[in-house]
Amino acid sequence: MTNRKGLDGKGKLAVAIGTLKLKNPVMTASGTFGYGEEYAPYVDLNRLGAIIVKGLSLKPRSGNPGPRIMETPAGMLNAIGLQNIGVKSFIRNKLPYLRQFDTAIIANVYGETIEEYLRVSEILTAAGGVHALEINVSCPNVKRGGVAFGTDPDMVAEVTNGVKDVTDLPVIVKLSPNVTDICVMAKAAEAAGADAVSLINTITGMSVDVEKRIPHLKNITGGLSGPAIKPVALRMVWQVAGRVRIPVIGVGGIMSPRDALEFFIAGARAIQVGTANFVEPRATMRIIDGIGAYMKRHRILDMDNLVGSLRI
Ligand SMILES: Cc1cc2nc3c(=O)[nH]c(=O)nc-3n(C[C@H](O)[C@H](O)[C@H](O)COP(=O)(O)O)c2cc1C
């Protein structure tokens, strides 16, 4: 059966994340690709496996005061604080544009309370045109909600359970690396009915201006992303993939096809490209092409033969 947008799940690069069929395993990471439209001049949006939009809350949020971005060696720190236009404005002003593409649209959901997570999920489900929800229980840059939920397995389970009750869309739970054992969180999400987990969100870090002796970020701490975090993300994906049965989506420092392939071999069924979009807006296109070329060169027939193929 083909789904509504012609993503028939056929072809070498096709993958399934629960009931969500993608034509290839390359997604854009939330918060690094705006609402999709911003990248249309550079990227053929039809070629993406999925577009994950900026985290959405019930009401619009202006985020944290600046400075809230800082470049670091091999990465960046951000403390945006989930600035977004709010779920209703997204549905009214951004979703109609996204609906025209032959690409899965995944909404990233944020709440300060469990009730807010559920309400945003309900509104997005009712809107139609969203193919899956990614639940952000891992944002380190907000005072309430976000990572406060993602560091307690009971809270991860409660949010996941609640969202599953209000939606029939596939639910992806996005996990934080800022925990002692990410497998505990992944297992909690799986037991509560998550269709997939994505990992990792940013790693909490900071940077100091030594002349002024003040933090570079107004928020003091921020989330580290980019190549610097790739080995940590890869290790966590490998650990989680060995512990859960649901699909694992890898994210963290993926800049090249080779980076993406490392994640697939370690057990990720799909990957997300984040910070790379800022450095090279067409990074996703190059990564999709490179994965295809590798499969051809190694005569790998489909993603199932690649995912989790690490030899130890
Ligand atoms: C500027 C910025 C904004 C982000 N906003 C969100 C967000 O709204 N929701 C979310 O779940 N993750 C957010 N993230 C985290 C990314 O989706 C991703 O998990 C992280 O950056 C690691 O991947 P990368 O190293 O490829 O960037 C954001 C990251 C950056 C750099």
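Because the structure is a prediction, the values reported are computed rather than measured.

1. A closer look at the packing of helix α4 (residues 153-166) against helix α5 (residues 182-191)
At their nearest, the axes of α4 and α5 sit 8 Å apart, and the two run at 30° to each other. Considering their axes alone, α4 and α5 lie roughly parallel with respect to each other. Along this stretch, α4 crosses α5, giving a crossing that reads as right-handed. Side by side, α4 and α5 meet where Pro-153, Val-156, Ala-157 and Thr-160 of the first sit next to Val-184, Met-185, Ala-188, Ala-189 and Ala-191 of the second. Partitioning the contact of α4 with α5 into residue classes produces eight nonpolar, one polar and no charged.

2. Re the site of the ligand
Neighbouring residues of the ligand: 25 residues in total, closest Ala-29, Gly-31, Gly-55, Ser-225 and Gly-274. For the shell around the ligand, the residue count by class is eight nonpolar, 15 polar and two charged.

3. Some points on helix α9 (residues 283-297)
Taking 1.5 Å of rise per residue, the 15 residues of α9 would be expected to cover 21 Å, and the 21 Å separating its terminal C-alpha atoms lies within 8% of that figure. Within α9, the full set of buried residues consists of Ala-283, Thr-284, Ile-287, Ile-288 and Ile-291. Viewed end-on, α9 has its buried residues packed into an arc of 135°, placing them on one side of the element. In α9, the exposed positions that point more than 90 degrees away from the buried face belong to Asp-289, Ala-293, Lys-296 and Arg-297. For α9, the secondary structure elements touched by its buried residues are β3 (26-28), α7 (257-266), β16 (270-273) and α8 (276-279).

4. Let's talk about the environment of Arg-119
With respect to the helices, strands and loops of the structure, Arg-119 is situated in helix α2 (residues 114-127). Between the alpha carbons of Arg-119 and Asp-154 there is a distance of 20 Å; along the sequence they are 35 residues apart.

5. Here we look at the sheet that holds strand β7 (residues 104-109)
Pairing in this closed barrel of eight strands is parallel, and the strands run β3-β4-β7-β8-β9-β10-β15-β16 around the ring. In this sheet, neighbouring strand axes are inclined to one another by 25° on average, regardless of whether the strands run parallel or antiparallel. One ladder, built from two bridges, connects β3 with strand β4 (residues 50-52); its direction is parallel. Paired with Thr-28 across the strands is Ile-51, a residue of β4.

6. Details of the packing of helix α1 (residues 87-99) against α2
Axis separation between α1 and α2 bottoms out at 10 Å; the angle between their running directions is 25°. In this view, α1 runs roughly parallel relative to α2, as classed from their interaxial angle. In this structure, α1 crosses over α2, and the sense of that crossing is right-handed. Residues Val-87, Ile-91 and Leu-95 of α1 touch α2, and the partners they reach there are Val-120, Ile-123, Leu-124 and Ala-127. Grouping the constituent residues of the contact of α1 with α2 by class yields seven nonpolar, no polar and no charged.

7. Examining the sheet that holds strand β11 (residues 203-206)
Taken in spatial order, the four strands line up as β5-β6-β14-β11 in an open sheet, and their pairing is antiparallel. Sheet topology places β5 (69-72) and β11 at the edges, where each strand pairs with a single neighbour. Within the sheet, the average angular offset between the axes of one strand and its neighbour, ignoring direction, is 40°. One ladder, built from four bridges, connects β5 with strand β6 (residues 75-78); its direction is antiparallel. Within the sheet, the bridge partner assigned to Met-70 lies in β6 and is Leu-77.

Procedures and definitions
Residues numbered from 1 in each chain as written. Predicted model: local features only at pLDDT ≥ 70, side-chain atom pairs only at ≥ 80, totals over all residues. Axes fitted to C-alpha atoms, helices over the stretch in contact; angles between N-to-C directions. Helix = DSSP H or I, 4+ residues; strand = E, 2+ residues; numbered from the N terminus. Parallel < 35°, antiparallel > 145°, perpendicular 65-115°, else oblique. Left-handed = near helix turned anticlockwise from the far one by under 90°. Contact = placed C-beta atoms within 7 Å. Nonpolar A, V, L, I, M, F, W, Y, C, P; charged D, E, K, R; others polar. Near = placed C-beta within 6 Å. Expected span 1.5 Å × (residues − 1). Buried ≥ 20, exposed ≤ 12 C-beta atoms within 10 Å, placed from the backbone. Arc of directions from axis to C-beta. Pairing = 2+ DSSP bridges.

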